[in-house]
Amino acid sequence: MRRRPIRFPLHCLSAVFPVALQLSLVASGTEQPRRIHRPEDLKHRGYEQIELRRSGENRLFLFGKLDGHKCSVLVDTGWSYTTISCNAAERLKSHAPLELQPEEAIPTADPRHPAMIMSNLKLGRVTFTRQPVFVQDLVFNGQRAPFDVVVGCDFLIRNSAVIDCAKRRLYTRRGGRSPEQQAEFENGLQEERYLPVVIRRTNPLALSCPARLNGKPVELLVDTGAVSSCLDTDLAKSLGLNLLPTPRQITGAGAAGKRGFEVAKVDTVELGNAAMRSLNFAVLDLGDWGLAAPDSVLAGVRGILGGPELAECSAIIDCQALKLWWKPPTARR
């Protein structure tokens with residue numbers, strides 16, 4: 001069976017509801033962390049820095065160049081395989097056949113969404129050559145998407161990306177880090193009082209992390225492109241959450257039209273050895289987005305950790321080592 005790239009449509013929410021987020025750490029300490037200038041620190045480790053912007057819907061994006069043509073680029077950990085719009089694909093100078101090394105493999109292309117090679121993609125001052133990409137008509141709810149290229153998990157993992165969600169920076173490196181370099185990098189984060197959470201590379205490709213919601217283990221999609229954090233309706237009911245109605249609506253690539261949703265407050269959200277408190281989630285059926293339902297491609301992932309919350313907890317996503325680093329509020333003082 002041919003598989004299309006997984007595209008989680010929360011990236012296309014048509015409305016943003018207010019999310020009240022108060023974080024508190026179940027820990028204490030008075031020692032001041034060592035201040036590290038991360039751009040210079042990563043530069044010494046062979047990384048190149050790419051400045052990002054944040055849209056009104058909390059998406060991380062930038063303007064780049066595709067074969068010399070200006071293009072808008074969404075940077076999205078919730079998007080499996082890098083994709084370009086049909087219009088952008090027509091401007092490519094090279095339509096090279098898709099011939100990848102085994103470790104670069106992507107699913108067999110659907111005839112409706114052919115795969116090709118981007119010969120030259122420039123993000124900031126960094127140029128990427130020979131990057132595999134799917135071609136797709138990027139339309140959401142009948143309207144053209146506001147971006148030409150979506151940089152997905154495959155690109156981020158292949159280029160050893162580190163994403164600083166709060167400071168809106170993408171770091172990439174040609175070639176992976178050695179174990180010694182990885183240890184130095186992580187030691188620096190620990191000195192800044194960052195806490196690690198191991199994230200999982202799923203099949204089909206996505207990034208998820210373990211969490212505990214009101215003490216119950218839950219797997220959450222790590223999604224920089226999501227404009228809010230979400231829970232599946234069945235999970236919210238099993239947690240006994242109080243669901244509050246809202247007049248706002250959600251739309252996305254995998255959903256038929258606009259849908260309403262409810263809002264629920266989760267008293268305690270634990271990541272690793274620390275807790276966030278009083279986090280509001282959007283509650284809706286995530287099954288047609290490829291999550292939560294028994295017959296969905298990622299049935300075990302029952303919620304989404306979205307862009308605003310990742311920025312609020314100063315998350316740093318290490319796509320090579322598959323770790324999410326976050327800083328509790330007391331560590332940011």
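In case you missed it, the structure is sitting above this.
Thresholds applied
- Residues numbered from 1 in each chain as written.
- Predicted model: local features only at pLDDT ≥ 70, side-chain atom pairs only at ≥ 80, totals over all residues.
- Heavy atoms only, no water.
- Core = buried A, V, L, I, M, F, W, Y, C linked by side-chain atoms within 4.5 Å.
- Buried < 20%, exposed > 50% of the residue type's maximum accessible area, 1.4 Å probe, protein only.
- Contact = heavy atoms within 4.5 Å.
- Helix = DSSP H or I, 4+ residues; strand = E, 2+ residues; numbered from the N terminus.
- Pairing = 2+ DSSP bridges.
- Salt bridge = Lys/Arg side-chain N within 4 Å of Asp/Glu carboxyl O.

(A) Structural view of the nonpolar core. Ile84, Leu123, Leu156, Leu213 and Leu324 are the most contacted members of the largest nonpolar core, which totals 64 residues. Once you skip the residues sitting within four places of it in the chain, Ile84 turns out to touch Ala89, Leu92, Met118, Val133, Phe134, Val135, Gln136, Leu138, Asp148 and Val149. With 16 residues, the next largest nonpolar core counts Ala206, Cys230, Leu286 and Val301 among its residues.

(B) Main features of the pairing of strand β5 (residues 69-75). Counting buried positions along β5 gives five out of seven residues, so the element sits mostly inside the fold. Where strand β4 (residues 60-66) and β5 come together, six bridges link them in antiparallel fashion. Along β5, the bridge assignment pairs Phe63 with Ser72. The turn linking β4 back onto β5 is made up of two residues, and Asp67 within it adopts a positive phi angle of 50°. Both β5 and strand β11 (residues 149-151) contribute to a ladder of three bridges, which runs parallel. Within β11, the position partnered with Leu74 by the bridge is Val150.

(C) How the structure looks around the pattern of salt bridges. If you walk through the whole model with that rule in mind, you get six salt bridges. Here Glu48 ties to Arg174 by a salt bridge, and the two come within 2.3 Å at their closest N and O atoms. You can see Glu48 sitting in strand β2 (residues 47-51) and its partner Arg174 sitting in the loop between β13 (169-173) and α4 (179-191), a full 126 residues away along the chain. Glu48 sits in the partly exposed class, given a relative accessible area of 30%. A salt bridge links Glu51 to Arg169; the nearest nitrogen and oxygen atoms lie 3.6 Å apart. One end of the pair, Glu51, is in strand β2; the other, Arg169, is in strand β13, and 118 residues separate them in sequence.

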